[in-house]
Amino acid sequence: MNEEWLQKISNQAQLQKIKETNQYTEQFGLVLSEEDARLLLKDRTDSLKRQQRVELGEGILPKIIYTFCDSEYLNQDNYVDTLGQLQEIFFLYKNEMHDEISDDELLSFMKEQFETVCFGDVDYLEGTCLAIFAEAIRAGYRGYQKTGGKGSYTEMDIAVRWDKELFLEALKDLF
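Residues numbered from 1 in each chain as written. Predicted model: local features only at pLDDT ≥ 70, side-chain atom pairs only at ≥ 80, totals over all residues. Heavy atoms only, no water.

(A) Here's a closer look at the nonpolar core. Counting residues in hydrophobic clusters, the biggest one holds 43 residues, and the most contacted among them are M97, M110, L125 and L130. Counting residues per element, the ones that place at least two in this core are α1 (2-20), α3 (34-51), α4 (61-68), α5 (79-96), α6 (103-115) and α7 (122-138). With sequence-adjacent residues up to four places away left out, M97 is seen in contact with L106, L130, F133, A134 and I137. (Core = buried A, V, L, I, M, F, W, Y, C linked by side-chain atoms within 4.5 Å. Buried < 20%, exposed > 50% of the residue type's maximum accessible area, 1.4 Å probe, protein only. Helix = DSSP H or I, 4+ residues; strand = E, 2+ residues; numbered from the N terminus. Contact = heavy atoms within 4.5 Å.)

(B) Region of the structure containing α7. Of all the bends in α7, the largest measures some 35° and sits at L130. The set of residues buried in α7 consists of V122, L125, C129, L130, I132, F133, A134, A136 and I137. Packed against the buried residues of α7 are α5, α6 and α8 (144-147). You can read the cap of α7 off the contacts: a side-chain oxygen lies 2.9 Å from the backbone nitrogen of D123, and it is on D121. (Bend = angle between axes of the 7 residues up to and from the residue. Polar contact = N/O pair within 3.5 Å; in protein donor to acceptor, adjacent residues only side chain to side chain.)

(C) Summary view of the environment of G29. Note on placement: G29 falls in the loop between α2 (22-25) and α3. Taking C-alpha positions, G29 is 9.0 Å from C69, a pair spaced 40 residues apart along the chain.

(D) Geometry of the environment of E96. Within the secondary structure, E96 is located in helix α5. Of the residues examined, E96 reaches a relative accessible area of 34% and is grouped as partly exposed. A C-alpha to C-alpha distance of 9.7 Å links E96 and F133, two positions 37 residues apart in sequence. With residues near it in sequence (within four places) discarded, E96 still touches A134 and R138.

(E) Up close: the packing of aromatic side chains. In total, this model carries 7 aromatic pairs according to the counting rule given. Seen in terms of ring centroids, Y73 and F114 are 6.2 Å apart; in terms of plane orientation they differ by 90°. Their pairing is edge-to-face. Here Y73, found in the loop between α4 and α5, pairs with F114, found in helix α6; they are 41 residues apart in sequence, far enough to count as distant. (Phe/Tyr/Trp six-rings, centres within 6.5 Å; stacked < 30°, edge-to-face > 60°.)

(F) Structural context of the pattern of salt bridges. Counting across every chain of the model gives 11 salt bridges. The residue K63 makes a salt bridge to D104 at a minimum N-O spacing of 2.9 Å. Taken together, the residues K63 in helix α4 and D104 in helix α6 connect sequence positions 41 residues apart. The class of K63 is partly exposed, set by a relative accessible area of 33%. For D99, the salt bridge is made with K94, and the minimal N-O distance between the two is 3.9 Å. Residue classification places D99 among the partly exposed positions, given a relative accessible area of 43%. When salt bridges with common partners are traced through the structure, they connect R53, K94, D99 and D103 into a single cluster. (Salt bridge = Lys/Arg side-chain N within 4 Å of Asp/Glu carboxyl O.)

(G) Just a nonpolar patch on the surface, in detail. Judged by side-chain polarity, L168, L171, L174 and F175 come together as a nonpolar surface patch covering roughly 460 Å² of accessible area. Judged by relative accessible area, which is 36%, L168 ranks as partly exposed. (Patch = residues over 30% accessible without salt bridge, like charges linked within 9 Å, V, L, I, M, F, W, Y side chains within 5 Å. Areas by Shrake-Rupley, 256 points an atom, 1.4 Å probe, with all protein chains shown as cover.)

(H) Looking closely at the packing of α3 against α5. Relative orientation of the contacting elements α3 and α5 amounts to 20°, with a least axis distance of 10 Å. Regarding the angle of α3 to α5, the classification is roughly parallel. Read as a crossing pair, α3 and α5 show a hand that is right-handed. Contacts between α3 and α5 involve D36, L39, L40, D43, R44, S47, L48, R50 and Q51 from the former and V80, L83, G84, Q87, E88, F91, L92 and N95 from the latter. (Axes fitted to C-alpha atoms, helices over the stretch in contact; angles between N-to-C directions. Parallel < 35°, antiparallel > 145°, perpendicular 65-115°, else oblique. Left-handed = near helix turned anticlockwise from the far one by under 90°.)

As structure tokens, then:
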């Protein structure tokens with residue numbers, strides 16, 4: 001019974017923190033209803049159980065909200081689902097990286113890749129960018145520490161990408 005009481009108090013405090021983010025995010029056209037916030041808290045609880053993690057304090061969700069709310073790839077229609085996915089993969093990759101990376105470094109890396117390499121595709125962020133980054137960290141890579149997680153992916157990106165000059169060159173070869 002005592003554990004349930006503490007959980008209710010914690011959830012109420014978490015709910016209040018999440019709702020407070022609306023004051024900032026509404027400038028980007030993003031607002032969470034109370035129902036949305038409760039759903040994200042349930043997702044958080046489920047994710048923590050799946051990843052066998054414990055979260056103390058206000059939790060990571062408000063930081064995720066503040067980090068991603070200005071993304072050109074977020075809109076009111078995909079906001080709640082994307083936050084839920086980002087929260088899930090945050091906990092997954094904290095484990096995958098053996099907690100070697102700080103929350104802020106991981107969020108910085110996630111946001112940069114979400115905006116640039118992934119173009120808002122959370123699945124690509126999870127399955128490619130974060131997978132490669134986690135493998136590098138487990139192998140001893142620490143270059144992200146100097147930049148707080150920014151600019152790290154280009155050092156390990158294995159995908160060959162098209163650029164304008166390469167495209168024009170290929171067109172010339174065709175004609």
